[in-house]
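Structural features, examined
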Amino acid sequence: MTLQQEIVGNAMQMAVVNLNPGQTVYCEAGKFLFKTANVTMETRLSGPSNGSGQQQHQSSGSGGGTGGGMGGMLRQAMGTAMQVGQRALAGESLAFQYFTAQGGEGTVGFAGVLPGEMRALELDGTRAWLAEKDAFVAAESTVDFGIAFQGGRTGMKGGEGFILEKFTGYGTVIIAGAGNFIDLNPADFGGRIEVDTGCVVAFEEGIQYGVQRVGGLNRQGIMNAVFGGEGLSLATLEGNGRVILQSLTIESLANALKKAQGGDKQGPTGGLFSTHAG
């Protein structure tokens, strides 16, 4: 069942979700805004595939057979510990908040943590989505939240680091980013696009994500790295599928706030040789 939701607002958008009786949506801790009184709220360490609908189905179907008992509890505990460990390593929230409408329809509101846009993605079970850290806002309980680890060289050189969020299953997942979004398909641009590493919000499974050096170790390459504001690397996205980019990076927002507070006096190099006011 597709989640009934509406994304409202401009500079700092929010998602207003309408729940049918008994329907559940979950969010990362800290991204809940409001709810109606008939919507229950529960905080859990486990994701939806480890302790929610799937576990309830197994329990009701087995009647206390081999899938339950001490062994089932131990497997569930180990699965929860693995999920929490992955999220801790990724710097994500350790817990999820679950919201369920009781006795009628209910409403819940969610928001991201930065000024910018939100987007609702629909999963049909055939293709996963990957997103930058902290992009996840909320999803139906039929959507699984996981962590994807990038390869060594890509992770070391890319602004997104080793860690990406991964969404699989069926239903609606809501993500957020900074600034404005633009949707692109690399197939429309010769099969490959190159972007600032901090501008990647999300992309469909099947898109090849990598990192390349900006220019060579020559005069122009050094000029690009030192004065161009992009550092030494660009993200590369190849293939046929949806890609969502954001117009504002966390780094550029932090630098703008520093400058506005008088804590960073930037020179003509765009901040590379900036000096702090004494």
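Residues numbered from 1 in each chain as written. Predicted model: local features only at pLDDT ≥ 70, side-chain atom pairs only at ≥ 80, totals over all residues. Heavy atoms only, no water.

Brief notes about the packing of aromatic side chains
Under the convention used in this document: Pairing of aromatic rings covers Phe, Tyr and Trp, the last counted by its six-membered ring, and requires centre-to-centre distances within 6.5 Å; plane angles under 30 degrees mean stacked, over 60 mean edge-to-face, and any other angle means tilted. Secondary structure counts use DSSP, requiring at least four H or I residues in a row for a helix and at least two E residues in a row for a strand, with both numbered from the N terminus. Residue exposure (1.4 Å probe, protein chains only): buried if accessible area is under 20% of the type maximum, exposed if over 50%, otherwise partly exposed. In this scheme, Lys NZ or Arg CZ marks a charge over a ring once it lies within 6 Å of the ring centre and within 35 degrees of the ring normal.
All chains considered together, the criterion is met by eleven aromatic pairs. For the pair F32 and F99, a centre-to-centre distance of 5.0 Å together with 25° between the ring planes defines the contact as stacked. With F32 in strand β4 (residues 32–35) and F99 in strand β6 (residues 96–101), the pair connects residues that are 67 residues apart, well separated along the chain. On the basis of relative accessible area, F99 is assigned to the buried category, the value being 0%. What links up through ring pairs into an aromatic cluster is the set Y26, F96, Y98, F136, F145 and F167. A cation sits over an aromatic face here: R44 above Y98, 3.8 Å from the ring centre.

Quick word on the confidence of the model for the protein chain
Rule in force here: Per-residue confidence from the predictor is reported as pLDDT, a score between 0 and 100. Between two residues, a contact is recorded if the distance between any of their heavy atoms is within 4.5 Å.
Averaged over every residue, the pLDDT of the protein chain is 78; residues scoring 70 or more account for 67%. Per-residue pLDDT stays below 50 along residues 50–66; that stretch engages in 13 contacts with residues further than four places along the chain or on separate chains. Across residues 152–161, where pLDDT falls below 50, the model places 21 contacts with residues more than four positions away in sequence or in other chains.

Things to note about the sheet that holds strand β1 (residues 4–8)
Sheet strands pair via backbone hydrogen bonds, and the direction of the pair is either parallel or antiparallel. The condition that has to hold: DSSP calls a pair of strands paired once it identifies at least 2 bridges connecting them. An axis is simply a line fitted to the C-alpha atoms; with a helix, the fit covers only the stretch in contact. Between two such axes, the angle follows the N-to-C directions and lies from 0 to 180 degrees.
Reading across the sheet, the four strands line up as β1-β2-β7-β4 and stay open at both edges, with antiparallel pairing between neighbours. In this open sheet, the two edge strands, each paired with only one partner strand, are β1 and β4. Put simply, the sheet's adjacent strands are angled 20° from each other on average, direction ignored. The pairing of β4 with strand β7 (residues 106–111) spans three bridges and is antiparallel. Paired with F34 across the strands is G109, a residue of β7.

Regarding the nonpolar core
Definition in use: Remark: nonpolar core denotes a set of buried residues (Ala, Val, Leu, Ile, Met, Phe, Trp, Tyr, Cys) joined through side-chain atoms within 4.5 Å.
Y26, F136, F167, V173 and I175 are the most contacted members of the largest nonpolar core, which has 21 residues in total. Among the secondary structure elements, those contributing two or more residues to this core are β6, β8 (118–124), β9 (129–131), β10 (136–140), β11 (143–149), β12 (163–176) and β15 (200–204). Take this core: its biggest share by element is four residues, from β12. Apart from residues no more than four positions distant in its own chain, V173 is found in contact with R119, A120, L121, L123, F136, A138, A139, V143 and F167. Core analysis: the second largest hydrophobic core is formed by 16 residues, L3, A101, M118 and I174 among them.

Observations concerning the side chain of Q246
We apply this condition: Pairing of N or O atoms within 3.5 Å defines a polar contact, subject to two protein rules: one partner must be a possible hydrogen donor and the other a possible acceptor, and residues neighboring in sequence count only if both atoms are side-chain atoms.
Within the secondary structure layout, Q246 lies in strand β18 (residues 243–246). Within the structure, the side chain of Q246 is placed 2.8 Å from the backbone nitrogen of A178, a separation counted as a polar contact. Polar contacts involving the side chain of Q246 include one to the main-chain carbonyl oxygen of L248, which spans 3.3 Å. For Q246, the residues in contact, after removing those within four places along its chain, are E132, G177, A178, N180, F181, G198, C199 and V201.

Examining the pattern of salt bridges
Threshold: Salt bridge criterion: a side-chain nitrogen from Lys or Arg within 4 Å of a carboxyl oxygen from Asp or Glu.
Going through the model one piece at a time under the given rule, you end up with nine salt bridges. Linking R44 and E42 is a salt bridge whose minimum nitrogen-to-oxygen distance equals 3.3 Å. Here E42 falls in the partly exposed class, since its relative accessible area comes to 42%. Among the salt bridges present, the one from K166 reaches E205, with a minimum N-O distance of 3.7 Å. You can see K166 sitting in strand β12 and its partner E205 sitting in the loop between β15 and β16 (208–213), a full 39 residues away along the chain. Residues participating in the shared-partner salt-bridge network are E117, R119, D183 and R242.

Observations regarding the sheet that holds strand β17 (residues 233–238)
Sheet architecture is open: three strands sit in the order β14-β17-β16, paired in antiparallel fashion. A strand with exactly one partner marks an edge of an open sheet, and here the two such strands are β14 (192–195) and β16. Within this sheet the neighbouring strands show an average axis-to-axis angle of 30°, counted without direction. Sheet topology places β16 next to β17; six bridges connect them, and they run antiparallel. Counterpart to Q208 in the pairing with β17 is E238.

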